[in-house]
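# Working through the structure, step by step
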Amino acid sequence: MDALEANSTSLPAYSGFLFLIGSAVFYGSNYLPVKHYETGDGMFFQLILCIAIWNVGFVVNCIRNFPQFYPLPLLGGFLWATGNINTVPIIRTIGIGMGLLIWGSLSLITGWATARFGWFGLDANVPSNFTLNYIGIVLALISAIFYIFVKSETRTAQVDSVESTNSTQVLIEPDENQLDFFDRLNPVKKRIIGISLAITSGILYGQCNTPVLYTTQINESKNYLDYMFSYYTGILLGSLGYFVLYSALKKNKPIVYPQIILPGLVSGWMWGVANVCYFLATNALNQAISFPISNCGPPIVANFWGIVLYKEIKGKRNLLILGAGFSVAITASVLIGLST
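A brief look at the structure comes next. Owing to the predicted nature of the structure, the values given are computational and were not obtained by experimental measurement.

### So, the environment of Ser290
If you trace the backbone, Ser290 turns up in helix 11 (residues 287–308). With a relative accessible area of 0%, Ser290 lands in the buried category. On a C-alpha basis, the gap between Ser290 and Leu20 in space is 7.2 Å, while along the polypeptide they are 270 residues apart. Apart from residues no more than four positions distant in its own chain, Ser290 is found in contact with Leu20, Tyr278, Ala281 and Thr282. Within the local environment of Ser290, its side chain forms a polar contact with the side chain of Thr282, the two groups lying 2.9 Å apart.

Here you go:
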């Protein structure tokens, strides 16, 4: 049976792991189209990204023969858009290393725990092997720590950094005019604001799938793809709302880089496909298995491109640290997979 037409009981478990590989490749690669383009403060880029994500949701909705539109997944999309919009100030206050460690770890813990213990009205996803599952989660958290010690030795002339995980896509260009507010903050305030926003984003990323899971649980269709269009619509509406507010605060003079439009659309399409793969994996497995594994794969792919394509990561020390992180992440994924 076609994967797009199957419900959660029709997909074999092995297909879930194949879809997770696909999601890791797309999540970890979707920054490539925008690598060399300026985005200013990232607000316009996020809007373009979310328009493309919605396009993917519409195509899936057509393939699924226009299932009923449920409003609750809209909330999940709004949570994702809110978490993603925080990444720019997080990076500017505490840096990508600490920021990614905080929001990535909290996202993994809260997303896994919500499904594992049945929070917010969900049915608990009980693994067949508790020991393997818990050890895998701990190793997944440890693997994230390795990446903050890896130093990028080269940068592009235009772009300061691009970071990608399964939850977020953010590209930062160092525009001095946009740093005034943060420059006025003393180090303590910067740290407080950055850590607070990172905690908030981590929780939002961890819970953005919960409305979709709950809607699937209480309705006849158990295929998560039937609720994806609503989820992606929430992402678009949330991003559009924030851009309107941002434009008003900027007195109708938002920072717009037209050259980011096509690359941003391609990036959003890739993220949308990655998330389709993730939901298909969750159809075959469950959130307690698919979510933590999906957090381990994208950093491996993203760093691989950094090494092979852009030569950003060099030196024996960096490669050893990355290798250790990859090994721990892969081990974590295997243990979590075996626990199902």
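Text resumes after the structure shown.
### Re the packing of aromatic side chains
Enumeration according to the criterion identifies 20 aromatic pairs in this entry. Pairing Tyr232 with Trp271 gives two aromatic rings, centres 6.3 Å apart and planes at 50°, and the pair type is tilted. Here Tyr232, found in helix 9 (residues 228–249), pairs with Trp271, found in helix 10 (residues 261–284); they are 39 residues apart in sequence, far enough to count as distant. In this structure, Tyr232 and Trp271 share a single accessibility class: buried. Between the aromatic rings of Tyr278 and Phe291, the centroid separation amounts to 6.4 Å while the plane-to-plane angle is 75°, which identifies the pairing as edge-to-face. You can see Tyr278 sitting in helix 10 and its partner Phe291 sitting in helix 11, a full 13 residues away along the chain. Put simply, the rings of Tyr27, Trp80, Tyr224, Tyr231, Tyr232, Trp271, Tyr278, Phe279 and Phe291 pair up and form one aromatic cluster.

Calculation criteria
Residues numbered from 1 in each chain as written. Predicted model: local features only at pLDDT ≥ 70, side-chain atom pairs only at ≥ 80, totals over all residues. Heavy atoms only, no water. Helix = DSSP H or I, 4+ residues; strand = E, 2+ residues; numbered from the N terminus. Buried < 20%, exposed > 50% of the residue type's maximum accessible area, 1.4 Å probe, protein only. Contact = heavy atoms within 4.5 Å. Polar contact = N/O pair within 3.5 Å; in protein donor to acceptor, adjacent residues only side chain to side chain. Phe/Tyr/Trp six-rings, centres within 6.5 Å; stacked < 30°, edge-to-face > 60°.

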